[in-house]
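# Structural characterization, general
Take a look at the letters that make up each chain.
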Amino acid sequence: MPRFQSRIGHQLRAMYDDVVRQGVPDRFVELIRKLDVPAANPPIGECGR
Amino acid sequence: MPLTDSLRDDILASVPSLRAFAISLSGNGDRADDLVQETLLRALANIDSFQPGSNLPAWLFTILRNLFRSDYRKRRREVEDADGSYAKTLKTQPAQSAHLEFEEFRVALDKLPQDQREALILVGASGFSYEDAAAICGCAVGTIKSRVNRARSKLSALLYVDGAEDFGPDETVRAVIGGSGG
């Protein structure tokens, strides 16, 4: 089975790295930038309970 | 800890692998990016609970994984569609030859139980140690190891049954293929 295992490992990483190589989409850069003003932003989501 | 510039940069630097993890888990790019967005919002809103010096990627992956799990349970109840919708999302992708191989692999990956799939991705693709993967999934290290092993065996059976002829009717292969049903 080692041959199969290395094939799986290779395919898994190929699939994964294909996405990693796309880098950071603009929407996330914007998101972090917008939320970067401390105190001015109320918490977003449900963390305030 | 407060959100410093360097912490913000580190969070952004984790985005590509968070997306890859989310896509591997969900098999759907749009949904994956929504998951990443929600992960970032949660992380930033709870940044005070992040321990300086601890493993930031592991912390972010834990948030994403928990969001995916609760989201998955919700959707499971809403849409009882085991194979149909996923097959459709695959067909909308460009049919390049490299993608065909990815698709075949993703379809097989999607057939794994969720526990095994996430363990395999964390260890085999994200590059986390068994210890980190165990912390992310909230289980024992031994549990992660056995999930990864079962995931590999099952994928071998799903993907390479035809290819098994190349190696002859090996008893080990047969045993693994036969034993993957349970």
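To be clear, the structure that these remarks concern was listed above.
Residues numbered from 1 in each chain as written. Chains lettered and ligands numbered in written order. Predicted model: local features only at pLDDT ≥ 70, side-chain atom pairs only at ≥ 80, totals over all residues. Heavy atoms only, no water.

Below, the discussion takes up the environment of H10(A). Among the secondary structure elements, H10(A) is positioned in helix α1 (residues 2-20). Considered as a pair, H10(A) and G23(A) are 13 residues apart in the sequence and their alpha carbons are 20 Å apart. (Helix = DSSP H or I, 4+ residues; strand = E, 2+ residues; numbered from the N terminus.)

Given 3.6 residues to a turn, an α-helix orients residues that are three or four positions apart in the same direction. All names here are of chain B. Across its 17 residues, helix α2 (residues 29-45) extends 24 Å between first and last C-alpha, which sits within 8% of the 24 Å expected from 1.5 Å per residue. When we look at burial in α2, the residues that qualify are R31, A32, D33, L35, V36, T39, L40, L41, A43 and L44. For α2, the N-terminal cap is N28; the gap from its side-chain oxygen to the backbone nitrogen of D30 is 3.0 Å. (Expected span 1.5 Å × (residues − 1). Buried < 20%, exposed > 50% of the residue type's maximum accessible area, 1.4 Å probe, protein only. Polar contact = N/O pair within 3.5 Å; in protein donor to acceptor, adjacent residues only side chain to side chain.)

When the parts come together, some accessible area is lost, and that loss is often what is quoted as the size of the interface. The interface of chain A with chain B comprises 30 residues on the first partner and 45 residues on the second. In total, about 3700 Å² of surface goes out of reach between chain A and chain B, with carbon and sulfur atoms giving 70% of it. For the chain A face of the interface with chain B, the top three residues by lost area are M15(A), Y16(A) and I32(A), together amounting to 20%. Across the contact surface, chain A and chain B share one salt bridge. For D34(B), the salt bridge identified is with R27(A), shortest N-O distance 3.4 Å. At the level of elements, α1 and α2 (26-34) of chain A are the ones that each hand at least two residues to the side of chain A that touches chain B. For the side of chain A that touches chain B, the element with the most residues is α1(A), which contributes 14 residues. (Contact = heavy atoms within 4.5 Å. Buried area = accessible area lost by both parts, 1.4 Å probe. Salt bridge = Lys/Arg side-chain N within 4 Å of Asp/Glu carboxyl O.)

Residues and elements named next belong to chain B. Closest axis-to-axis distance for the helix α6 (residues 114-124)/helix α7 (residues 130-137) pair is 9 Å, and the angle between their directions is 140 degrees. Here α7 runs oblique to α6, going by the angle between their axes. In the packing of α6 onto α7, the handedness of the crossing is right-handed. Contact residues: E118, L122 and V123 in α6; Y130, A133, I136 and C137 in α7. Residue composition of the contact of α6 with α7, grouped by class: six nonpolar, no polar and one charged. (Axes fitted to C-alpha atoms, helices over the stretch in contact; angles between N-to-C directions. Parallel < 35°, antiparallel > 145°, perpendicular 65-115°, else oblique. Left-handed = near helix turned anticlockwise from the far one by under 90°. Nonpolar A, V, L, I, M, F, W, Y, C, P; charged D, E, K, R; others polar.)

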